[in-house]
Amino acid sequence: MNSFYSVEELKELGLKSFGKNVLISKKASIYNSKEIEIGNNVRIDDFCILSGKIKLANNIHIAAYSSLFAGNVGIELESFSCISSRCVIYSISDDYSGNYLTNPTVPNCYRNVIEEPVLLKKHVLIGTGSTVLPGVTIGEGTSIGAMTLVNKSLDSWGIYIGIPAKKIKDRSQKLLKLEEKINY
């Protein structure tokens, strides 16, 4: 038995679109599938949650136990982006200031829901156990270390770690030459 959906099974999920060589674990949870677009060469592992307006480009891997909570404003991953295990990306969140009630069991008139899109540019890597909050854009080629909190947008080609994320050094761009060699 294959642990990934077949092409026919992917069609039955009702995704907005999906490309070639898409591997989605049968143990992943997908909500609002009609809002999810998936490119070519994408793999989504066991126990991932994808919810809301999500756009995944090409050559993307989302490792086990990761979650994308996109709401109506969306999360977009450009090509060659990778999310390691146990990461969470939010484009929607409650206001935790104490001025409002929180959680989806409370009527919306008592909540202040924050919705801002999240964008991961090409070649972004998110290390295990990291969290990305609403409104963040992570610049091309940026690498996020394990257990990092990304609460503001980050520049391109940096390596960031910590709570909150702080740049520790520049990241090599050599991988761009390797990308040119890939021939599909």
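Everything discussed here concerns the structure shown above.
Quick caveat: nothing in here was measured; it's all calculated off a predicted structure. (Residues numbered from 1 in each chain as written. Predicted model: local features only at pLDDT ≥ 70, side-chain atom pairs only at ≥ 80, totals over all residues. Heavy atoms only, no water.)

Enquirer: When you look at the overall build of the protein chain in this model, what are you seeing that I'm missing?
Expert: Of the regular secondary structure elements, the protein chain holds two helices and 20 strands. Rg of the C-alpha trace for the protein chain: 17 Å, near the compact-globule value of 16 Å for 184 residues, within the 12% margin. The principal-axis extents of the C-alpha atoms in the protein chain amount to approximately 55 × 45 × 25 Å. Considering the protein chain as a whole, with its 184 residues, one finds that 41% of them fall into the buried category. Carbon together with sulfur atoms contributes 52% to the accessible area of the protein chain, which is approximately 10,000 Å² in total. If the 21 positive side-chain charges of the protein chain are averaged to one point and the 18 negative ones to another, these points end up 6 Å apart. (Helix = DSSP H or I, 4+ residues; strand = E, 2+ residues; numbered from the N terminus. Rg over C-alpha atoms; globule rule 2.2 N^0.38 Å. Buried < 20%, exposed > 50% of the residue type's maximum accessible area, 1.4 Å probe, protein only. Areas by Shrake-Rupley, 256 points an atom, 1.4 Å probe, with all protein chains shown as cover. Lys, Arg positive; Asp, Glu negative; His and termini not counted. Charge placed at Lys NZ, Arg CZ, Asp CG, Glu CD.)

Enquirer: Just checking my understanding: could you explain the pairing of strand 6 (residues 49–56) for this structure?
Expert: For a regular strand, side chains alternate in direction, first toward one face of the sheet and then toward the other. With three bridges connecting them, strand 3 (residues 29–31) and strand 6 associate as parallel partners. Its bridge partner lying in strand 6, S29 is registered against I49. Both strand 4 (residues 36–38) and strand 6 contribute to a ladder of three bridges, which runs parallel. The residue bridging I38 from the neighbouring strand is L56, located in strand 6. As judged from the seven bridges shared by strand 6 and strand 8 (residues 67–77), these two strands associate in the parallel manner. When the sheet's bridge partners are listed, S51 is paired in strand 8 with F69. (Pairing = 2+ DSSP bridges.)

Enquirer: Can you walk me through the environment of E179 in this structure?
Expert: Positionally, E179 belongs in helix 2 (residues 175–181). Once you skip the residues sitting within four places of it in the chain, E179 turns out to touch F80, K122 and H123. (Contact = heavy atoms within 4.5 Å.)

Enquirer: Explain the packing of aromatic side chains here, please?
Expert: Two descriptors summarise a pair of aromatic rings, namely the distance from one centre to the other and the angle between the planes of the rings. Scanning the model with the defined rule gives two aromatic pairs in all. Geometrically, the ring pair formed by F47 and Y65 is stacked, given 5.0 Å between the ring centres and 25° between the ring planes. Remark: Y65 occurs in the loop between strand 7 (60–62) and strand 8 and F47 occurs in the loop between strand 5 (42–44) and strand 6; sequence separation between them is 18 residues. For F47, a relative accessible area of 38% gives the class partly exposed. Relative to Y90, the ring of F69 has its centre 5.6 Å away and its plane inclined at 20°; by these criteria the two rings are stacked. One end of the pair, F69, is in strand 8; the other, Y90, is in strand 10 (residues 88–90), with 21 residues separating them in the sequence. F69 gets classed as partly exposed once you look at its relative accessible area, which sits at 26%. (Phe/Tyr/Trp six-rings, centres within 6.5 Å; stacked < 30°, edge-to-face > 60°.)

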